[in-house]
Amino acid sequence: VVTRDDVEESLKGVWQYVKDEEQLLKDLHSQIEETEQRFSVKQAERDYWLEYKNVGSKIQANKIMNLEKDIKQVKDDHHRATEYYRNALEATKEENDRLVEMHMKLCKEQAPENAIRYLDKNSRREIKENEWLKEEIKVYQKEVSDLKASIQLLEEENVGLVAKLIDSRLQNLRI
């Protein structure tokens with residue numbers, strides 16, 4: 001004998017079972033939709049990478065080659081510019097050294113004249129006399145060297161004449 005409570009409990013159990021199954025079915029549908037969405041995302045990603053593999057990679061390879069050429073050209077330009085500026089710097093340094101040396105030489109030449117301007121009359125007169133004496137010394141030294149040369153020539157001539165005289169006396173004695 002089945003009572004009403006048993007039937008109701010049985011129906012409640014069946015009804016709960018059907019509800020659980022419907023809920024499970026809904027969960028499965030949502031999981032299927034989620035999986036389909038992930039699948040479509042993965043499919044789109046796969047299509048993108050296939051497109052990249054077939055077309056994009058060649059374009060990227062060409063871009064990479066062009067960029068490598070540009071890098072090489074920039075390096076060459078940098079090297080040439082570096083050499084140019086290094087040479088220009090050396091030339092400028094040499095020119096500056098030459099100008100400084102020339103200026104120093106000019107300053108050294110003008111220094112005595114500038115110093116003389118600030119001296120008193122007696123000191124200036126002494127400096128002029130000193131310069132005149134230096135010129136006179138040069139003249140006398142030249143005369144001394146000329147005289148020494150002429151003395152040497154005369155001595156050689158005298159030695160030659162004495163030798164001739166001795167030879168002639170020897171001949172006279174022999175005769």
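Since this is a predicted model, take the numbers as computed values, not measurements. (Residues numbered from 1 in each chain as written. Predicted model: local features only at pLDDT ≥ 70, side-chain atom pairs only at ≥ 80, totals over all residues. Heavy atoms only, no water.)

A. Up close: the overall build of the protein chain. Regarding its fold elements, the protein chain presents two helices and zero strands. Taking 2.2 N^0.38 as the reference for a compact globule, 175 residues should give roughly 16 Å; the C-alpha atoms of the protein chain span a radius of gyration of 60 Å, well beyond that estimate. The C-alpha extent of the protein chain, read off along each of the three principal axes, is 200 × 65 × 30 Å. Within the span of the protein chain, comprising 175 residues, buried residues form 1% of the whole. Carbon and sulfur atoms provide 58% of the accessible area of the protein chain, an area that totals close to 16900 Å². (Helix = DSSP H or I, 4+ residues; strand = E, 2+ residues; numbered from the N terminus. Rg over C-alpha atoms; globule rule 2.2 N^0.38 Å. Buried < 20%, exposed > 50% of the residue type's maximum accessible area, 1.4 Å probe, protein only. Areas by Shrake-Rupley, 256 points an atom, 1.4 Å probe, with all protein chains shown as cover.)

B. Spatial organisation of helix 1 (residues 4-117). The terminal C-alpha atoms of helix 1, which comprises 114 residues, lie only 145 Å apart, well short of the 170 Å expected from a rise of 1.5 Å per residue. Of all bends in helix 1, the biggest is about 50°, found at Lys 53. (Expected span 1.5 Å × (residues − 1). Bend = angle between axes of the 7 residues up to and from the residue.)

C. Broad picture of the packing of aromatic side chains. Using the criterion set out here, one finds three aromatic pairs in the structure. A ring pair is formed by Tyr 48 and Trp 49, whose centres lie 5.1 Å apart and whose planes are at 75°; its orientation type is edge-to-face. Residue Trp 49 is classed as partly exposed on the basis of its relative accessible area of 47%. Both rings, one in Trp 49 and one in Tyr 52, keep their centres 5.6 Å apart while their planes meet at 85°; by these two values the pair is edge-to-face. Taken together, the residues span about one helical turn, with Trp 49 and Tyr 52 both in helix 1 at a distance of three residues. For Tyr 52, a relative accessible area of 31% puts it in the partly exposed group. (Phe/Tyr/Trp six-rings, centres within 6.5 Å; stacked < 30°, edge-to-face > 60°.)

D. Fine view of the environment of Asp 146. Relative to the helices and strands, Asp 146 is located in helix 2 (residues 121-174). As for Asp 146 and Arg 38, which are separated by 108 residues in sequence, their C-alpha atoms are 118 Å apart.

E. A look at the pattern of salt bridges. Tallying each qualifying case throughout the model produces eight salt bridges. The shortest N-O distance in the salt bridge between Asp 47 and Arg 46 comes to 3.7 Å. Of the residues examined, Asp 47 reaches a relative accessible area of 39% and is grouped as partly exposed. Linking Glu 95 and Arg 98 is a salt bridge whose minimum nitrogen-to-oxygen distance equals 2.5 Å. (Salt bridge = Lys/Arg side-chain N within 4 Å of Asp/Glu carboxyl O.)

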